[in-house]
Amino acid sequence: MKILVLAKQVPDTDKVKIDPLTGTMIREGLDAVINPLDLHALELALCLKETHRAQITVLSMGPMSTEMVLRDTLALGADRAILLSDSAFAGSDTWATSYTLSEAVKKLNIEYDLVICGEKATDGETGQVGVEFAVLLNLPVITYVSRFVSLQNDSIVVERTVEDAYETWKVRLPALISVLRSVSEPRLPTLSGKKMSLSKKVEIYNARDLGLKNNDLGLTGSPTRVVKVYNTKLSRNCQLYMGKDLNQGIQEVVKILKNYKGSVRR
Amino acid sequence: MIGVVNNQIDKNTLELLGKANQMAVKIQTQVCLFIIGSKELKVDHVKDYADLTVLMLSENFGRFSLYPFLINLEKAILKYRPSILLSPATTFGRTIMPALAARLRTGLTADCTDLDVDDKGNLLQTRPAIGGNVMATIITPNHRPQMATVRPRSFSVQPEKREGRVRIEEITELEDSCELIKIEKREPSAQIDQAQIVVSVGKGLRRKENTQIAEKLAQLVSGAVGATRSVVDAKWFSHDHQVGLSGKTVKPKVYIAAGISGAVQHIAGMQTSEIVIAINKDRYAPIFKVADIGLVADAYSTLEQIVKILEDESDA
Ligand SMILES: Cc1cc2nc3c(=O)[nH]c(=O)nc-3n(C[C@H](O)[C@H](O)[C@H](O)COP(=O)(O)OP(=O)(O)OC[C@H]3O[C@@H](n4cnc5c(N)ncnc54)[C@H](O)[C@@H]3O)c2cc1C
Ligand SMILES: Nc1ncnc2c1ncn2[C@@H]1O[C@H](COP(=O)(O)O)[C@@H](O)[C@H]1O
């Protein structure tokens with residue numbers, strides 16, 4: 001059983017700056033962490049490693065600082081970590097990211113039975129990369145997986161949560177699943193794991209190693225362009241009630257509630 | 001042509017058709033509704049909001065599974081060639097649209113909260129970015145279709161009617177490596193995006209037990225209870241109740257924010273509500289900047305007073 005986990009590095013804080021020219025995020029100088037949801041994806045893989053002796057590869061595209069983040073995944077128990085890093089990849093949108101990741105899988109002959117990714121990343125919040133990656137490789141996909149039920153010879157059973165139902169699906173492998181927080185409780189790294197990871201190496205490849213052409217990569221290869229970034233100021237004129245006026249405010253609120261409660265259908 | 005894709009005929013579909021209509025008038029093009037789903041779907045009440053409704057129905061399309069839907073939709077899109085393709089940002093839209101974008105080698109903007117077209121026909125796709133701190137407008141200059149998923153409740157339903165033709169496309173049935181083995185209906189418990197009055201609670205309620213007063217108020221006014229992420233993280237409410245960037249967008253007639261600080265990520269999900277009422281004991285809390293009425297007071301006891309007045313009056 002071979003598992004591929006897609007993991008993204010995201011900035012740790014919400015104090016992010018934007019490049020005024022390209023409209024993309026300036027990632028330099030920010031503390032980087034693994035996308036929190038991807039930790040749940042990795043944890044699910046680690047559980048399957050324990051129960052089914054799975055081999056885990058973690059794949060990421062990102063700046064060189066991602067190496068530290070990937071090292072942490074080795075410390076947690078991943079067997080192999082691969083970083084795709086090149087200035088040509090900078091500014092990738094979801095199409096260019098998925099393309100680069102899927103090409104790397106082909107070019108590097110990365111083997112997998114199951115691919116696990118997070119439902120979405122906390123920075124871009126698009127939740128598109130996993131699905132696009134899978135479709136570029138013609139893999140079956142189950143999104144919004146809330147529970148991993150079982151692993152059989154050549155298939156998995158998972159529960160997916162959608163608006164109106166919990167659906168249980170049986171999927172022939174290879175396949176990709178994107179997971180919600182509830183699939184697993186991430187473990188903390190241990191000292192022995194950290195020591196052990198020191199002897200392992202994060203493999204790093206650039207565009208040339210992968211034989212990829214610049215036209216398809218990074219900002220150049222991205223169909224979308226950010227044209228404007230702005231602050232929203234949807235402020236309102238607030239009528240404040242406090243102290244001895246409070247009661248008047250409460251009466252005002254009651255009046256509004258009575259007014260609109262009639263318009264309700266249930 | 002501007003296309004709208006969905007696997008059901010619901011309010012989201014109508015909202016998107018309304019926006020598609022406005023944009024179609026601006027660039028003088030047609031509106032096409034692509035409906036893919038179960039044989040039971042009836043389009044009579046929606047078809048007149050589009051020039052053309054393309055139906056892809058099958059008894060095997062009761063529940064969404066990616067490839068059967070993808071292959072059929074892709075075929076229809078290559079046939080009708082919309083220059084803009086929209087879908088609601090539901091679990092369906094957020095799965096089918098990236099899959100289509102990958103096959104069509106085009107761009108896709110997730111979770112837009114506003115859309116417009118410029119006179120060159122560029123779709124201006126606006127969404128909150130960077131943790132809700134700013135809004136970003138994104139275009140897809142050289143690839144077609146230009147694709148976007150749109151947060152439910154971003155637009156209102158419009159009355160404009162169109163030609164209303166309907167065409168049925170033949171379905172390609174294919175073997176699916178995904179098999180649905182069980183389905184358990186879920187209480188559509190927290191319909192916060194449907195309610196006309198939303199009573200939302202934040203950490204300022206201090207204890208889980210205290211949130212019962214918000215549920216009581218919501219019940220009295222036939223509303224729903226919303227929550228901040230802090231409160232959801234503390235397991236006071238399930239994620240269905242979360243309002244904001246990583247929760248739902250709501251647009252009720254009345255939004256009550258009780259004990260909520262007003263972080264940008266929360267405001268991203270409620271700022272288009274008609275009337276906003278904030279209750280916070282800190283008169284400098286940011287939530288007051290986006291409120292119409294602010295009560296500087298303890299959240300619990302204020303909600304309690306409001307409930308008491310409403311109850312007394314309904315008894316009388
Ligand atoms: C990527 C990202 C996505 C996020 N997505 C969301 C999201 O979708 N939704 C969301 O809500 N948050 C989201 N957040 C979190 C958000 O930043 C805030 O942390 C959260 O909204 C704060 O919740 P709160 O107002 O309940 O708590 P707090 O910020 O702790 O505020 C509590 C408020 O209650 C007031 N208070 C205290 N005691 C009382 C009292 N007795 N009576 C009245 N008032 C009192 C305080 O003055 C304070 O203003 C996100 C954050 C990030 C980084
Ligand atoms: N640059 C990347 N490298 C590796 N995996 C990624 C990358 N970007 C996104 N992913 C994966 O795709 C998921 C969704 O990310 P996103 O589409 O950016 O919200 C993440 O949880 C990751 O599993």
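Quick note: structure is the one above.
Residues numbered from 1 in each chain as written. Chains lettered and ligands numbered in written order. Predicted model: local features only at pLDDT ≥ 70, side-chain atom pairs only at ≥ 80, totals over all residues. Heavy atoms only, no water.

Draft legend 1. Summary view of the site of ligand 1. The full set close to ligand 1 counts 26 residues, and Lys203, Thr228, Ser246, Gln265 and Asp298 of chain B are the nearest of them. Neighbouring residues of ligand 1 are not confined to a single chain but are spread across chains A and B. At 2.9 Å from an oxygen atom of ligand 1 is found a side-chain nitrogen or oxygen belonging to Ser230 of chain B. Residue Leu245 of chain B places a main-chain N or O atom 3.0 Å away from an oxygen atom belonging to ligand 1. Coverage of ligand 1 by the protein chains reaches 80% of its 990 Å² of free accessible surface. Looking at the shell around ligand 1, the elements with two or more residues in it are helix H5 (229-233) and helix H6 (264-267) of chain B. Within the shell around ligand 1, the residues separate by chemical class into six nonpolar, 13 polar and seven charged. (Near = heavy atom within 4 Å. Polar contact = N/O pair within 3.5 Å; in protein donor to acceptor, adjacent residues only side chain to side chain. Areas by Shrake-Rupley, 256 points an atom, 1.4 Å probe, with all protein chains shown as cover. Helix = DSSP H or I, 4+ residues; strand = E, 2+ residues; numbered from the N terminus. Nonpolar A, V, L, I, M, F, W, Y, C, P; charged D, E, K, R; others polar.)

Draft legend 2. Local environment of helix H2 (residues 66-80) of chain B. Residue and element names in this part refer to chain B. Counted at 1.5 Å a residue, the expected span for H2 with its 15 residues is 21 Å, and the 21 Å between its end C-alpha atoms agrees. Along H2, eleven of the 15 residues are buried, which leaves the element largely enclosed by surrounding structure. Of the positions making up H2, those classed as buried are Leu66, Tyr67, Pro68, Phe69, Leu70, Asn72, Leu73, Glu74, Ala76, Ile77 and Tyr80. Immediately downstream of H2, the backbone of Arg81 shows phi near 50°, a positive value. (Expected span 1.5 Å × (residues − 1). Buried < 20%, exposed > 50% of the residue type's maximum accessible area, 1.4 Å probe, protein only.)

Draft legend 3. Quick peek at the sheet that holds strand S3 (residues 52-57) of chain B. All names here are of chain B. The seven strands are arranged S5-S9-S4-S1-S2-S3-S10 in an open sheet whose pairing can be described as parallel. The open sheet terminates on both sides in strands that have one partner only, identified here as strand S5 (108-112) and strand S10 (165-168). The average angle at which neighbouring strand axes cross in this sheet is 20°, direction not considered. As paired strands, strand S1 (residues 2-6) and strand S4 (residues 84-88) are joined by three bridges and run parallel to one another. Opposite Gly3, over in S4, you have Leu85 as the bridge partner. Sitting on the sheet, helix H1 (residues 11-27) touches S1, strand S2 (31-37), S4 and strand S9 (146-150), and the angle it makes with S1 is about 175°. Across the face of the sheet, H2 comes into contact with S1, S2, S3, S4 and S10 while running at roughly 160° to S2. (Pairing = 2+ DSSP bridges. Axes fitted to C-alpha atoms, helices over the stretch in contact; angles between N-to-C directions. Contact = heavy atoms within 4.5 Å.)

Draft legend 4. The interface of chain A and chain B, seen in detail. With 77 residues of chain A at the interface, the matching set in chain B holds 84 residues. Summed over both partners, the interface of chain A with chain B buries about 7400 Å², with 58% contributed by carbon and sulfur atoms. Inspection of the chain A/chain B interface yields seven salt bridges. Taking the shortest distance from any N to any O, the salt bridge between Arg236 of chain A and Asp292 of chain B comes out at 2.8 Å. (Buried area = accessible area lost by both parts, 1.4 Å probe. Salt bridge = Lys/Arg side-chain N within 4 Å of Asp/Glu carboxyl O.)

Draft legend 5. Representation of the environment of Arg167 of chain B. Residue and element names in this part refer to chain B. Looking at where Arg167 falls in the secondary structure, it is placed in strand S10. Here the alpha-carbon distance between Arg167 and Ser222, two residues 55 residues apart in the chain, equals 41 Å. Beyond its immediate chain neighbours, meaning those up to four positions away, Arg167 contacts Leu52, Thr53, Val54, Leu55 and Tyr80.

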